[in-house]
Each structure stands twice: as structure tokens, then as C-alpha cells.
Amino acid sequence: MKRVPVLAGILAALLAACATRGGSVSAAALAQLGRAEESEREGDLAGARTELELAKVQAGGVARLGERGTRLEFALATAELEPFGALFDELSAALERRDHELAARLVLRADALRPRGAAALKLTAFRNILDGRRAAEALGLRLAAEPTGAEGEYRVMLHARHELSGSVRLRCPGSALKFLSLGVSEAGIESRAHRRELTEALANLELESGRDVAVLLGTYYVPARGLVAARGRWTLSTLGGTLQLGERVLPANSFVAAGCEVVRLDPRLPSSAVEPAEFARYIEHGAPSLPALLERAGRLAPERRDEALDLATPALLRYIPEELERIAPALRWLSGLDEPPLDARGWKAWLEAHSTPGSDPARPALDLPNAGRQS
């Protein structure tokens, strides 16, 4: 954080405001401004701040006080912020890293120093960011796909709940619901469909403590006819907004909602789940039948696909390029990548990264607390 440019920006804004606001200023306001300037010259910054605030009230804002007022505002802000420079830099970095525990300690440390004026305002802004993030994280937001009764049709709901004290109002316009439909035939031929729609579900949502609220987001169809397996996946992304707790309106740069998924299998297949170890054994034996491999992949529980891929990766890395190309439909199903590798070389590179300790090749950021399986 560079404090001088920030303060220069404040001064420029104040001077611009002066240029656009005219009208006479009362003698009382100018006299009060004079007393504020005198206090500043004597080194009484606290007194100067108090008197300047009174002058601003009498004049109707610092811009009405002209260049004298903006000069004094800038000088006082510089002096008020200076003792907190390093601390506020550290606090800003902690918030950037989302280290909220450290940020909370730094807020307490800064508060103990009794900041005034510009420093107090900046600390309040930091505290609001921290409290807004904590409140947003305390919200229980999740998506659920409920069958409508029609074949392959699902009603997608947003469920919200919190245990905070009092009511909470969310204002987050412009959220987007993303839908991905993926199906695979016995021959490994895939069908994909994407859909992204804006929703106002969080634009003005009020939640009472301890009470569930369900909001309909839309109705979707997951086709499965002629396929070994098909699935629909929904995720909700949010833009910045606010969160109101009582009289406090806090910033919230995002709200996190757990996604959901449904799986539809060929009705001729067993409905029981396949263990990841069974999928890995079939890979180790060369996966002689692609339809059988796809059946095993489709019957894996959604939350255990990563485990199956982890177990199978050592054997997959021994496959020759032609074999990787042959079983790529199963890899695309397990990885869940929106943009999977295009060829065997790409899959081998992805698998090598996947098997390297500490690496995290791109996968969908999807939490599936209520993943469903439908025939």
C-alpha cells in the first residue's frame, strides 16, 4: 500500500468537489475553520480535528470550505494515518490472504491505539470487511436438485440458513447459476450442454436466525436416453454485495453456496455404487471393455471420483498413448474438467501433475453435500 498516492487522491477529490460547489460560507463556519487551523499550528491535532468537523457541519461539507478546508483535511489525514502505516499495511495484506484470525488480532491492536479521524475511518472500513466476511461464511447456502416427477426434470433450489443473532438481509444482485450436463454412451461418445443464467435470488433475501429459506432458481432437464450415464451439475457464482446485520451494513465480496449434482444411469445397470478400488483394479487390468469401464465410472459416488482417480493414476501413467486416448471418456467423467485435455499427451501431463505431491491440477471447485443418483 502506498499511502502518499492515496492521500493525494483524497486531496484531488476534495479540490474537484470545491470546483463544483459554490455558494457563500457563513462567517461562523469560517471562524470555526480559523480555530481549527490555529490548533493545527499549535500541534493540537485532536483539537484541530474536532474543530474542523464542526466547521464542516456549519458549512455543509469540507468542499464548501474551499482550499483552506481541503488543505487542513489533507494535513490532518496525513498526520492521523502516519502512526498506523505499517500496521494498516499488515492488516491489508492479511485480508488479501484471507487470514482472518490474524486480521482480527491486528484490528484489536489498532483499536487499542485509539485512532482518530482518517485513521479511525480506515480502521472502521477494515473492521467492516472482516465482519462482513465472517458473517458471509456463517451463512449456510446450498443448492439442491429435486425431481419434478417428469423424467429427467429437476427443480433447482437455493437453500439458505444461518444461526447468527437476529435477522440477516443479503443484497447481492447479478448472481449467476451455471448448469453443465454431461452424458456418455457405450461407445464413449459424449454429449455436453452448458447453460448460464443470471438470478436475483440473492438481490434482497432476508433470513431469520435458525429458519430455512428455499428459493426456486429454475427447472432443468438432464437427458439420459441412450447413455450409459449422464449427470447434471449446478454451481452458483456471486458478485460483490452487502450483508445487513441489524443496523450495520457490511461489505461482502462474495457468498459461497455449495453446488449440487444428479447422476442418471442406464436403468439396466445395477444401482449400487462401485468402490474406487474396483475401478482402479479394472484400470490395472488394462480396462479391456470401454462400456464396462464407463459403467464403473458412472456408478462411482460423486464424492469418491477423486479417490478412484488417485488410486488409478499409477496404472494410467503406464498406459501407451493409444490406450489413454481409448479410455479418455472415463477420464473426462472422473475429472469433471470444464476444459479437459484434448489428447493423450495432455492427459499424461495432467495425470503426472495430479500424482505429484503438493500439486493441484485444475478441477471444478464444487462441494457436493447432497449429490443425488437417479436412474
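From a predicted model like this one, the values you see are computed outputs, not experimental measurements.

When helices and strands are tallied, the protein shows 12 helices and 13 strands. Relative to its 375 residues, the protein shows a buried fraction of 44%. Counting only contacts in the protein whose residues sit at least 6 apart along the sequence, the fraction spanning at least 24 positions is 72%. In the form shown here, the protein has an accessible surface area of approximately 18,800 Å², with 54% of it arising from carbon and sulfur atoms.

Mean pLDDT for the protein: 87, with 89% of residues reaching 70 or above. Within the protein, the element-level pLDDT minimum falls on helix 1 (residues 3-20), averaging 45, and the maximum on helix 8 (residues 276-284), averaging 96. Between residues 1-6, whose pLDDT stays under 50, and residues either more than four places distant or in other chains, the model counts 8 contacts. Counting contacts from residues 363-371, a segment whose pLDDT is below 50, to residues more than four positions away or on other chains yields 36 contacts.

Tallying each qualifying case throughout the model produces 7 aromatic pairs. On the numbers, 5.0 Å between centres and 50° between planes, the contact of phenylalanine 179 with tyrosine 220 is tilted. Taken together, the positions of phenylalanine 179 in strand 4 (residues 175-184) and tyrosine 220 in strand 7 (residues 213-221) put the pair 41 residues apart, joining distant regions of the chain. Tyrosine 220 matches phenylalanine 179 in its accessibility class, with the two residues each being buried.

Bringing the pairing of strand 3 (residues 168-171) into the picture now. Judged by which residues are buried, strand 3 turns out to be one-sided: Val168 and Leu170 face inward and are buried, whereas Arg169 and Arg171, on the alternate face, are not. Taken together, the 3 bridges between strand 3 and strand 6 (residues 205-207) define a ladder with antiparallel strand orientation. If you follow valine 168 over to strand 6, its bridge partner there is leucine 207. The sheet contact formed by strand 3 and strand 9 (residues 241-245) spans 4 bridges and is antiparallel. From the neighbouring strand, leucine 170 faces strand 9, where its bridge partner is leucine 243.

Over its 15 residues, helix 3 (residues 45-59) runs 21 Å from end to end, which matches the ideal 21 Å to within 8%, given 1.5 Å per residue. Of the residues trailing helix 3, glycine 60 is marked for its positive phi of about 90°.

A few words now on the nonpolar core. Side chains of a nonpolar character, in soluble globular proteins, are inclined to be buried together. With 36 residues, the main nonpolar core has Phe279, Ile283, Leu293, Leu316, Trp333 and Leu334 as its most contacted residues. Where this core is concerned, the elements lending two or more residues are strand 4, strand 12 (260-265), helix 8, helix 9 (290-299), helix 10 (305-316), helix 11 (321-335) and helix 12 (344-355). Sorting elements by how many residues they give to this core places helix 11 first, with 7 residues. Core analysis: the second largest hydrophobic core is formed by 34 residues, Ala136, Ala145, Leu217 and Phe255 among them.

Within the secondary structure, glycine 60 sits in the loop between helix 3 and helix 4 (66-81). Residue glycine 60 is classed as partly exposed on the basis of its relative accessible area, which comes to 41%. Taking C-alpha positions, glycine 60 is 9.3 Å from alanine 29, a pair spaced 31 residues apart along the chain.

With that settled, consider the sheet that holds strand 7. Here 4 strands make up an open sheet; going across it, the order is 7-2-1-11 and the pairing mixed. Every other strand in the sheet has two partners, leaving strand 7 and strand 11 (257-258) as the edge strands with one partner each. The pairing of strand 1 (residues 140-147) with strand 11 spans 2 bridges and is classified as parallel. Its bridge partner being in strand 11, leucine 141 is matched across the sheet by alanine 257.

Turning to helix 2 (residues 27-41), a few remarks are in order. For helix 2, spanning 15 residues, the distance from its first C-alpha to its last is 21 Å, which sits close to the expected 21 Å at 1.5 Å a residue. Within the span of helix 2, buried status applies to Ala29, Gln32, Leu33, Ala36, Glu37 and Ser39. Within helix 2, the buried residues cover an arc of 160° as seen down the axis, which keeps them to one side. More than 90 degrees from the buried face of helix 2, the exposed residues found are Ala27 and Arg41. Residues of helix 2 that are buried sit in contact with helix 3 and helix 4. One or two residues past the end of helix 2 sits glycine 43, with phi positive at roughly 85°.

Right, let's get into the environment of proline 329. Following the sequence through the fold, proline 329 ends up in helix 11. Residue proline 329 is classed as buried on the basis of its relative accessible area of 6%. In the structure, proline 329 is positioned 142 residues away from alanine 187 in sequence and 9.2 Å away in space, judged by C-alpha atoms. Excluding residues that lie within four positions of it along the chain, proline 329 makes contacts with Val184, Gly188, Glu190 and Leu294.

This part is about the sheet that holds strand 3. Pairing is antiparallel in the open sheet, where 4 strands are placed in the order 6-3-9-10. Where the open sheet ends on each side, the last strands, each with one partner, are strand 6 and strand 10 (248-252). Strand-to-strand twist in this sheet, taken as the mean axis angle between neighbours without regard to direction, amounts to 20°. Set on the sheet, helix 7 (residues 117-138) makes contact with strand 9 and strand 10; between it and strand 10 the angle comes to about 80°.

We now examine the pattern of salt bridges. If charged atoms from side chains of opposite charge come close, those side chains can pair. Per the stated rule, a full pass over the model turns up 31 salt bridges. Across the salt bridge formed by lysine 56 and glutamate 53, the nearest N and O atoms sit 3.0 Å from each other. Here glutamate 53 and lysine 56 lie together in helix 3, a separation of 3 residues that amounts to about one turn. Judged by its relative accessible area of 18%, lysine 56 is buried. The exposure class of glutamate 53 is partly exposed, given its relative accessible area of 31%. Aspartate 338 serves as the salt-bridge partner of lysine 178, at 2.9 Å between the closest nitrogen and oxygen. Here aspartate 338 lies in the loop between helix 11 and helix 12 and lysine 178 lies in strand 4, a separation of 160 residues in the sequence. Exposure remark for lysine 178: the relative accessible area of 32% places this residue in the partly exposed category. When its relative accessible area of 33% is taken as the criterion, aspartate 338 is described as partly exposed. Three or more residues are tied together by salt bridges with common partners; here these are Arg49, Glu53, Lys56, Glu73 and Glu80.

Quick notes on the rules
Residues numbered from 1 in each chain as written. Predicted model: local features only at pLDDT ≥ 70, side-chain atom pairs only at ≥ 80, totals over all residues. Heavy atoms only, no water. Helix = DSSP H or I, 4+ residues; strand = E, 2+ residues; numbered from the N terminus. Buried < 20%, exposed > 50% of the residue type's maximum accessible area, 1.4 Å probe, protein only. Contact = heavy atoms within 4.5 Å. Areas by Shrake-Rupley, 256 points an atom, 1.4 Å probe, with all protein chains shown as cover. pLDDT = per-residue confidence, 0-100. Phe/Tyr/Trp six-rings, centres within 6.5 Å; stacked < 30°, edge-to-face > 60°. Pairing = 2+ DSSP bridges. Expected span 1.5 Å × (residues − 1). Core = buried A, V, L, I, M, F, W, Y, C linked by side-chain atoms within 4.5 Å. Arc of directions from axis to C-beta. Axes fitted to C-alpha atoms, helices over the stretch in contact; angles between N-to-C directions. Salt bridge = Lys/Arg side-chain N within 4 Å of Asp/Glu carboxyl O.

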